[in-house]
Each structure stands twice: as C-alpha cells, then as structure tokens.
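Observations on chain architecture
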Amino acid sequence: MRYDLNLLPVFVVLMEERNVTRAAERLGITQPALSNTLNRLRETFRDPLFVRERYGIRPTELAEEIAPAIAEALAKLDDVILGQQDFDPSSAERLFAIAPNDYVEFVLVPAIVERLRQVAPGIRLRLTPFGSDIAETGVMSGTTAMVLGRMTDPPDNLVVQHLMEDGLACVVRADHPDIGDSISKEQYERLKHVNMLPPGRLRAGLFQSLERQGLKREVAVSVTHFLSIPELVAVTDYCTTLPALICRRIALDPRLKVLPPPVDLGTFPVQMAWHVRHRNDPAHRWLRGLIGEVAGELAR
C-alpha cells in the first residue's frame, strides 16, 4: 500500500475533536507527534484538511467529504478483526471510551468500575460527557464505545438497549420546621426548590411530569451538578426533586431526609447505545453484558 493506515484514525479523531491539543490527549501522543502525522495526512490527500481558527481547527471541504468514508472503512476493519479475537476479561488489557450523562456517572459508573476491578482489572474506562447532543460524544462514528443515559430519536447506526427505570423523590433537611415524614401537594408548592439543570432530557422529563400532574414549584436556585444539591438543601428550608437512586445516596447524610413526592411523577428510562460496528466485538459484547447486569442489580 502506498499510504499508512495508522494515519486514518488520527484523521477521525481530529474531525471529532476539532482541536489539536484535545486530539493529542485522546490519542495519547504529544502535540509535535500529532503535527507530524497531520503533515503526512496532508501529503497523502494533497489538501490542508484542517485550517487553524481562534479556538481550534476547521476541516476543509475535502476533509468533510472524505470523513464518512474513512470512518466507515475503519469500522469495517474493526468488525472483521475484533470479531475473530478471543476475549478473556480476567487478563485483557483494553481502554474503553464511554459517554455517560451526569446521572449515570453519579449513579451507575462507580458500580461499573467496582465490578471491573473485581473481574477485569486490566479494563480501563475513559469518560467523555454526554450532554444534549449525542453527536458530540463520538458514539455515532464508533470511536466512543457506548453512550449511557436517555436516548431520544437515536440515528439508525446506533443500537439502543434498555437498562432500567428510575423514579423521583423529594429531599429536605432532616430538621425541616414544616415537613415531617411526608410532604403534601400544598407544602410542595409552598416551598422554594433547588432545581437540577443538566443538559439533555432529564430536565425536560421532570418538568413534563410536574406539568402533567398540575404540580407547581418556585425555583430558588438552579445548579448544574448533583453534588452541590445536598449542601444547599442541608442549610436551607428548600426542597429538591431528584432521581430515586441519587436520593438513595443522599439518604446516607444524617442532615437530610428523603420523602416520596406528593403525587406520582412516574419513571424515566436509562438506556445504553452503541454503534453497529461493535456488534461482533467480543470485548464490547462482554462490557455491555456487565453494564446490563450492574444496572439491573441497582434497579432491584
């Protein structure tokens, strides 16, 4: 062959990251090494491929044109080669990039890591955020192994698996002056609330559930991470409404108490999605099975 196949994965990462520094970190190489590879790519395709901008790099028209074909070709190679390999989790050495949303990272990922430590100590995880746009995770090209959260209108090249359902509960401080062992609809609407504003669909799901039940609330504080909420609720008379599995962790804090919501707010799904290119990869199949088992145990 008159070109180096090792150049092509670098091209895919540059297309996804649009930033030389982040691409080098993701590939585990130095920036000079990446620049050298980019120069070889430019020589191969006889095109600049990427143009520097203030906050990163922008692909040229040719790069945009050839990117889908390169990603598809690499996916087919992976499918052929990895599908023929045996996989022993107890001795395997492999890095998986996964994209959990904030909820999954808080609730599910620690249990996944603990299980990996027990049965597959050589398997490592690199987490990339899953916000409102699934395209930004890298799962649609197959470079990210899987995305974990709630999928809405996933593209045709992704396989979606249902993992579990979770509900919602309320949290107030343990010595709240007005709230005892339960909370009424009137009390809920009278209290001020701490609101979680994650990217993605969990926020919309809670708002829709409240609206469906005709339940109103006055939001005093909106935050962007679950970890800040217990401290806010512990020092105020505010209330918060959170997924039940997060409340299970919060219930360990003696300053707080968890209560059922005043009305049925329903449940929301937790899902896992991956590119079809991974369907015959025995290691990927094994990891999907492990995550499914862990999620099922948590839900029970």
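Each residue is numbered by its place in its chain's sequence as written, counting from 1. Where local features are concerned, this predicted model is filtered to residues with pLDDT of at least 70; where side-chain atom pairs are given and counted, the filter is 80 or more; whole-chain, interface and lining totals use all residues. The basis for every side-chain value is the complete set of heavy atoms in the structure, and neither hydrogens nor water enter the calculation.

Focus: the state of the cysteines
A pair of cysteine sulfur atoms is labelled a disulfide when the two atoms are within 2.5 Å. Enumeration according to the criterion identifies zero disulfides in this entry. Lacking any disulfide linkage, Cys 239 is separated from the closest cysteine sulfur, that of Cys 170, by 4.5 Å.

Some points on the sheet that holds strand E7 (residues 168-173)
In any sheet, the strands associate via hydrogen bonds between backbone groups, in a parallel or an antiparallel arrangement. If you walk across this open sheet you meet the five strands as E9-E8-E10-E7-E11, and the pairing is mixed. In the strand order of this sheet, the two ends are held by strand E9 (218-223) and strand E11 (256-259), each with one partner. Put simply, the sheet's adjacent strands are angled 35° from each other on average, direction ignored. Here E7 runs beside E11; their pairing, made up of four bridges, is antiparallel. By the bridge assignment, Val 172 is partnered in E11 with Lys 257. Strand pairing is assigned whenever DSSP detects at least two bridges linking the two strands. What counts as a helix is a DSSP run of H or I of at least four residues, what counts as a strand is a run of E of at least two, and both are numbered from the N terminus. Geometry is summarised by axes, namely lines fitted to C-alpha atoms with helices restricted to the contacting stretch, and by angles between N-to-C directions that run from 0 to 180 degrees.

Regarding the pattern of salt bridges
Throughout this description, the term salt bridge denotes a Lys or Arg side-chain nitrogen within 4 Å of a carboxyl oxygen of Asp or Glu. Within the structure shown, the criterion is met by 13 salt bridges. One salt bridge in this structure joins Glu 17 and Arg 22, with 3.2 Å as the shortest N-O distance. For the salt bridge of Asp 175 with Arg 173, the shortest nitrogen-to-oxygen distance reads 2.7 Å. On the basis of relative accessible area, Asp 175 is assigned to the exposed category, the value being 54%. Taking the relative accessible area as the measure of exposure, Arg 173 reaches 18% and is therefore buried. Counted as one network, the salt bridges with shared partners bring together Glu 16, Glu 17, Arg 22 and Arg 26. Between buried and exposed lies partly exposed: a residue is buried under 20% and exposed over 50% of the maximum accessible area for its type, with that area taken using a 1.4 Å probe on protein chains only.

A short note on the packing of helix H6 (residues 109-119) against helix H11 (residues 282-299)
Orientation of H6 relative to H11, taken along the N-to-C sense of each, is 125°, at an axis distance of 10 Å. As summarised for this structure, H6 and H11 are arranged oblique, according to the angle between their axes. Between H6 and H11 the crossing geometry is right-handed. Contacts from Ala 111, Ile 112, Arg 115, Leu 116 and Val 119 in H6 reach Trp 286, Leu 287, Leu 290, Ile 291, Glu 293, Val 294, Glu 297 and Leu 298 in H11. Every angle not falling under 35 degrees, over 145, or within 65 to 115 is termed oblique; those three ranges are roughly parallel, roughly antiparallel and roughly perpendicular. Crossing handedness follows the turn of the near helix against the far one: under a right angle anticlockwise gives a left-handed crossing, and clockwise gives a right-handed one. Only heavy atoms enter the contact rule, under which two residues are in contact if any of them lie within 4.5 Å.

Details of the sheet that holds strand E12 (residues 268-275)
In space, the five strands of this open sheet follow the order E4-E3-E5-E12-E6, with mixed pairing throughout. Each of the sheet's edge strands pairs with one partner strand only, and the pair in question is strand E4 (123-127) and strand E6 (158-166). Across the sheet, the mean angle separating the axes of adjacent strands is 25° when strand polarity is ignored. Where strand E3 (residues 94-100) and strand E5 (residues 146-149) come together, three bridges link them in parallel fashion. Paired with Pro 100 across the bridge in E5 is Leu 148. With respect to the sheet, H6 is in contact with E3 and E4, its orientation differing from that of E4 by roughly 160°.

Regarding the side chain of His 193
Topologically, His 193 is positioned in strand E8 (residues 192-196). The contacts of His 193, once residues within four sequence positions are left out, are Tyr 188, Arg 217, Glu 218, Val 219, Ala 220, Val 221 and Cys 239.

A short note on the layout of surface pockets
Only protein atoms enter the 1 Å grid used here, on which a cavity is any set of points holding a 1.4 Å probe that cannot leave and a pocket is any open set flanked by protein within 12 Å on both sides along at least five of seven lines; residues with an atom within 4 Å of a point are listed as lining. Grid points are joined across faces, edges and corners, and a volume is the space filled by probe spheres set on the points. Estimated volume of the largest pocket: approximately 770 Å³. Taken together, 26 residues form the lining of the largest pocket, with Pro 9, Asp 78, Gly 142, Thr 143 and Arg 277 sitting closest to its centre. Residue assignment for the lining of the largest pocket shows that the elements contributing at least two residues are helix H1 (7-17), helix H2 (20-27), helix H4 (61-82) and E3. By the convention adopted, Pro, Cys, Tyr, Trp, Phe, Met, Ile, Leu, Val and Ala count as nonpolar, Lys, Arg, Asp and Glu as charged, and the other residues, Gly among them, as polar. For the lining of the largest pocket, the residue count by class is 13 nonpolar, seven polar and six charged. Approximately 600 Å³ is the volume attributed to the second largest pocket. Considering the residues around the second largest pocket, the lining is formed by 24 residues, among which Met 15, Glu 16, Glu 17, Ala 135 and Gly 138 are closest to the centre. Of the residues belonging to the lining of the second largest pocket, the class tally is 10 nonpolar, five polar and nine charged.

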